[in-house]
Structure formats: structure tokens, C-alpha cells
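Secondary and tertiary structure notes
Here is what each chain is made of, one letter per residue.
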Amino acid sequence: MAANQRETRAVAEQPSPALGTETMAYEVATDLRELRVFVCAGATARGLSPDRVELLALAVSELATNTLQHTAGGGRVRLWADGDQLFCDVVDQGPARAFGRGMPAADAVRGRGLAIVEKICDEVAVLAASEGTVVRIRLALRAG
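Here is a short report on the structure shown in this document. (Residues numbered from 1 in each chain as written. Predicted model: local features only at pLDDT ≥ 70, side-chain atom pairs only at ≥ 80, totals over all residues. Heavy atoms only, no water.)

A short note on the overall build of the protein chain
Of the regular secondary structure elements, the protein chain holds three helices and five strands. A buried classification covers 42% of the 144 residues belonging to the protein chain. Taking contacts inside the protein chain between residues at least 6 apart in sequence as the whole, the part at least 24 apart equals 64%. For the protein chain, the exposed surface amounts to about 7,800 Å²; the carbon and sulfur share of it is 52%. (Helix = DSSP H or I, 4+ residues; strand = E, 2+ residues; numbered from the N terminus. Buried < 20%, exposed > 50% of the residue type's maximum accessible area, 1.4 Å probe, protein only. Contact = heavy atoms within 4.5 Å. Areas by Shrake-Rupley, 256 points an atom, 1.4 Å probe, with all protein chains shown as cover.)

This is how it looks when you write it as C-alpha cells:
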């Protein structure tokens, strides 16, 4: 590995730092607009390109919508950067999500949200933590 390249830990191994992490809670569907604004502002401030900011906002919105549809008590989103990577946790009290299932058929009524998240993020992991289920997503700050 070249000296200017940094080995990136798998998203599941990346700790959520206490400093530099922004957090927002959400409880009802009307919170989703504010959550998207929060994510867009935080990602932009950390240097994510505008097109990738929109992808992150879509991914977080899909995950938060799943929280509101399938769990009780709402959830929290954490956002931070480490080096040239942006991380975002969506935390709730629901069961672990199943990723890797592929896109549902065109005539399917549901099931696209998690497939979309997996397609548009550089990496996705589901972690069981004392605080609940954590879906951690990663996007490189610089494309390439």
C-alpha cells in the first residue's frame, strides 16, 4: 500500500467517536424532513459532494422510514467523518435488517428501501449494540 493511501477498516469495525459526532432523534413521520436537512447539512460541512449528499439523504430517509413503520419509539441518527470517509448510524429498537437480498420485482408492493440503501452507499453493516440495532453506512468523501 502506498504511503498516501490509508487502509479503511470495514464499516462494522469503525467506532462512533464521541467528538465530532452530530446526533438527531426522530419519532414521527413529520420529523423526516428535518432529519434530511440535518443529514445534508452535516454531510456538506464534512466535504461530501452535492450528488453524494443527496444519496446519503435518500439512504437515511429510507432507513428512518423503516424505523417508523416497523418499530416503536423512533430512532437516532449519528453522523461523523473519519479521514476521507463519512459514516452515518441509524439506531432504533427494531430487529436486525436483512441486507443482500437484491431489488424486489417491479410488481412488488414493498421491500425496495433496504435494497436502495445497499446500492447507493459504499458499504452497509448491521450491528447489534446495547443501545439497539445500528445500521451503519459509509460513503467516501471523495469519489475515486
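Once the structure has been displayed, the description carries forward.
What to know about the sheet that holds strand 3 (residues 85-92)
Strand order in the open sheet formed by five strands is 1-2-3-5-4, with antiparallel pairing between adjacent strands. This sheet does not close on itself; its edge strands, each paired only once, are strand 1 (22-26) and strand 4 (123-129). Put simply, the sheet's adjacent strands are angled 20° from each other on average, direction ignored. In terms of strand pairing, strand 1 meets strand 2 (residues 75-82) through five bridges, oriented antiparallel. (Pairing = 2+ DSSP bridges. Axes fitted to C-alpha atoms, helices over the stretch in contact; angles between N-to-C directions.)

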